[in-house]
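Survey of secondary and tertiary structure
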Amino acid sequence: MTNLTFDIYLRATPQRVREVLIEPAMVPSWLRGMPFRPAGHEDPRRLTCEWLQTDHLEANGDCASVVRFDFVAMGQVTRLMVNHKGLDPSGSLVKAITPGWPMILSSLKSLVETGEPLEFRLSA
């Protein structure tokens, strides 16, 4: 299985970044359907979700993958570390999500810092 890791720095507290990720009204459409909720008594500096596309199980070799967010406070900045593991290296999910995560994280940064997510549209 393949793991992807990404780091991004946001001008916000870890609590604010976490709020945006778990608040359904704030989550942009590209993240809806992913249950970013604390797992039990999970450390508040971490957020984990299982990503299973039930309509497209074959996209990841019929397996769920796991996304883990770690929040590190750095003064008025948060370092957000994302680890997406359990990806089938030959599956279509890893091919889509490898370039997709930088777009997702850029949009998240914009949403947290300005209140507006980035809108990506494929040009014809």
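Residue numbers run consecutively from 1 along every chain, following the written order of its sequence. Reporting of local features is limited, given that this is a predicted model, to residues whose pLDDT is at least 70; pairs of side-chain atoms are given and counted only at 80 or more, and all residues count toward the totals for whole chains, interfaces and linings. Only hydrogens and water are set aside when side-chain values are computed; all heavy atoms of the structure are taken into account.

1. Topic: the pairing of strand β4 (residues 77-87)
Paired strands, in this sense, are two strands between which DSSP finds at least two bridges. Only DSSP runs of H or I reaching four residues or more are called helices, and only runs of E reaching two or more are called strands; each is numbered from the N terminus. Judged from the eight bridges that link them, strand β1 (residues 2-10) and β4 form a sheet pairing that is antiparallel. Residue I8 lies in a different strand from β4, and its bridge partner there is L80.

2. Concerning helix α2 (residues 92-114)
Over its 23 residues, α2 extends 33 Å from the first C-alpha to the last, a length consistent with the 33 Å expected when each residue adds 1.5 Å. Note on bend: at a given residue it equals the angle between the axes fitted to the 7 residues ending there and to the 7 starting there. When the local axis directions of α2 are compared, the greatest deviation, roughly 40 degrees, occurs at G100, which is followed within four positions by the proline P102. Taken together, the buried positions of α2 are occupied by L93, V94, I97, G100, W101, I104, L105, S107, L108, S110, L111 and V112. Those residues of α2 that are buried are in contact with β1, α1 (14-22), β2 (46-51), β3 (65-74) and β4. Take the number of residues in a helix, subtract one, and multiply by 1.5 Å to get its expected span. A simple rule labels every residue: compare its accessible area, found with a 1.4 Å probe on the protein chains alone, to the largest value its type can have, and call it buried under 20%, exposed over 50%, or partly exposed in between. Residue contacts follow a heavy-atom distance rule, with two residues in contact if any of their heavy atoms lie within 4.5 Å.

3. As for the environment of N60
Relative to the assigned elements, N60 resides in the loop between β2 and β3. Taking the C-alpha atoms as reference points, N60 and V94, separated by 34 residues in sequence, lie 7.5 Å from one another. Apart from residues no more than four positions distant in its own chain, N60 is found in contact with S65, G86, L87, D88 and L93. Throughout this description, a polar contact denotes any pair of N or O atoms lying within 3.5 Å of each other; where both atoms belong to protein, one of them has to be capable of donating a hydrogen while the other can accept it, and for residues adjacent in sequence the pair is counted only when both atoms sit in side chains. At 3.1 Å, the side chain of N60 forms a polar contact with the backbone oxygen of C63. In this structure the side chain of N60 is engaged in a polar contact, spanning 2.9 Å, whose partner is the backbone oxygen of G86.

4. With respect to the packing of α1 against α2
In the contact formed by α1 and α2, the axes pass within 10 Å of each other and the chain directions differ by 115 degrees. Of the possible angle classes, the one that applies to α1 and α2 is roughly perpendicular. Where α1 crosses over α2, the two elements pack in a sense that is right-handed. Judged by residue contacts, R16, V17, V20 and L21 of α1 engage L108, L111 and V112 from α2. Working convention: axes come from line fits to C-alpha atoms, limited for helices to the stretch in contact. Angles between N-to-C directions cover 0 to 180 degrees. Our angle categories are set so that under 35 degrees counts as roughly parallel, over 145 as roughly antiparallel, 65 to 115 as roughly perpendicular, and the remainder as oblique. Two helices cross in a left-handed way if the nearer one is turned anticlockwise from the farther one by less than a right angle. They cross in a right-handed way if the turn is clockwise.

5. Looking at the environment of L105
By secondary structure assignment, the location of L105 is in helix α2. Each C-alpha atom of the pair L105 and P117 lies 9.9 Å from the other, and the pair is 12 residues apart in sequence. The contact partners of L105, leaving out residues within four places of it in the chain, are F6, I8, L80 and V82.

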